[in-house]
Structure formats: C-alpha cells, structure tokens
Amino acid sequence: MYIWFYETPSGFDNMVMTSDGKYLTALVFQNSNDIEKIEEVLLALTEHTTYRLRKIKMFCNVVSVQLRTSEFKNYSHQRKLDFSTNSTKEIFNAAKQLVRQLYKGEPIRLIGIRVDNLCEEDEKQISIFENNDTKKQEKLDKVVDLIKDKYGYETITRAGDMKHTKNINRKD
C-alpha cells in the first residue's frame, strides 16, 4: 500500500493518494469545482500510475476514472483503449475525456484513476493505430523515468503537473 500526501497552495490541500498497484485516488479535503484543477490532479495521478506501470513493464488496455462529489455521490466510467499502452500522454488523454464526460459541475472531493486489463510487452497486440508519435512518446517516457530513477522522482515533471509534484511527500 502506498500513501502520498499533497500540500499545495492551489486549492487542493492535504490530499491523500492511495494505491493497491493498479489504482490511485486523490482525496481532496477542500472540495473543488474548477475543471482545470481537477485535470491537474488527474495528471499527477496519471503520472504516478504510468510510472509504476512502466516499472513493472506492463501495459494497460482499459482506463477508468472515479469522481466523488462533496455530497458523496460517486461517478465512474471506463474506456477500452485502441491499443495497449503505458504512455502517460495516452492514458491521461483517455482519462481526461472520461472526466469531461462525467463531470457535472458539482464540487469534487475525490478523484481516482485505474488501469486494468494489464499485459506484458510480449503479449501486447500490435495495432494499426500506433504511429511515430506513439514511439516518440515511449522514448520520452523512458528518458523521464531514467532521470527520475537516477536523480529522484521530483527532479523532472510535466509542466501541467508542476503545481502538485513539487509538494508530494511519498510514503513507500
């Protein structure tokens, strides 16, 4: 079990993230109805999830997201991907589409992302949808992971994730 604590000045204070290996959630103690902030948290969750996915050399075929409102209404939705991936960009884009479909403007207190239907690289089905951009993204993710492994997780991050990543205290 992993637990991370966020402390950020952007309205998402004291977030607790938990994981069982395939699932990450962020509990937002200060409810937010700002879709941009929700997507920033989603990016941070996606970054952690895909980093761990690549560490165990796995790919996912399904992405699902969960939203919980301040009144404890739960919304969740999942999507089967066109091809197996462990790319932060691909998984984030799928998750972002799902959040935009689910979000109804209510204050959100919990955001979660799950990757399912995992497979190893040698089990990965070749797809006609993959292109050169996908290969470039895989190389970029590999380089970012190498830098994080060598110099620490917080040394490099995506620009959209900067508000949150710099304030993460990971507990392994």
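Residues numbered from 1 in each chain as written. Predicted model: local features only at pLDDT ≥ 70, side-chain atom pairs only at ≥ 80, totals over all residues. Heavy atoms only, no water.

Trainee: Break down the environment of Val62 for me, citing the residues and quoting the values.
Mentor: Note on placement: Val62 falls in strand E4 (residues 58–69). Look at Val62 and you get buried, because its relative accessible area is 12%. In the structure, Val62 is positioned 52 residues away from Arg114 in sequence and 8.2 Å away in space, judged by C-alpha atoms. (Helix = DSSP H or I, 4+ residues; strand = E, 2+ residues; numbered from the N terminus. Buried < 20%, exposed > 50% of the residue type's maximum accessible area, 1.4 Å probe, protein only.)

Trainee: Let's hear about the packing of aromatic side chains: which residues, and what values?
Mentor: Under the defined criterion, the tally for this structure stands at zero aromatic pairs. The ring of Tyr51 is capped by Lys148, whose NZ or CZ atom sits 5.7 Å from the centre of that ring. (Phe/Tyr/Trp six-rings, centres within 6.5 Å; stacked < 30°, edge-to-face > 60°. Lys NZ or Arg CZ within 6 Å of the ring centre and 35° of its normal.)

Trainee: Explain the pairing of E4 to me, using residue names and the numbers behind them.
Mentor: For E4, the buried fraction is high: 11 of the 12 residues fall into the buried class. As paired elements, E4 and strand E7 (residues 119–120) share two bridges and run antiparallel to each other. Residue pairing across strands places Met58 opposite Glu120, the latter belonging to E7. One ladder, built from eight bridges, connects E4 with strand E5 (residues 74–85); its direction is antiparallel. Its bridge partner being in E5, Val63 is matched across the sheet by Arg79. Count of turn residues in the E4/E5 antiparallel hairpin: four residues, of which Phe72 carries a positive phi of about 65°. Where E4 meets strand E6 (residues 108–116), eight bridges bridge the pair, whose relative direction is antiparallel. Note that in E6 the partner of Leu67 across the bridge is Ile111. (Pairing = 2+ DSSP bridges.)

Trainee: Which residues make up the packing of helix H1 (residues 35–55) against helix H2 (residues 88–102), and what are the values?
Mentor: Taken N-terminus to C-terminus, the directions of H1 and H2 make an angle of 140°; their axes are 9 Å apart at the nearest point. Classified by chirality, the crossing of H2 by H1 is right-handed. Mapping the contact onto sequence places Ile35, Ile38, Glu39, Leu42, Leu43, Thr46, Glu47, Thr50, Leu53 and Arg54 in H1 and Thr88, Ile91, Phe92, Ala95, Lys96, Val99 and Arg100 in H2. (Axes fitted to C-alpha atoms, helices over the stretch in contact; angles between N-to-C directions. Left-handed = near helix turned anticlockwise from the far one by under 90°. Contact = heavy atoms within 4.5 Å.)

Trainee: Tell me about H1, and name the residues and values.
Mentor: The terminal C-alpha atoms of H1 lie 30 Å apart, and with 21 residues this matches the ideal 30 Å at 1.5 Å per residue to within 8%. By the criterion of burial, H1 is predominantly enclosed, with 17 of the 21 residues buried. The distance from a side-chain oxygen at the start of H1 to the backbone nitrogen of Glu36 is 3.0 Å, and the residue carrying that oxygen is Asp34. Remark: Lys57 follows H1 within two positions and exhibits a positive phi of approximately 55°. (Expected span 1.5 Å × (residues − 1). Polar contact = N/O pair within 3.5 Å; in protein donor to acceptor, adjacent residues only side chain to side chain.)

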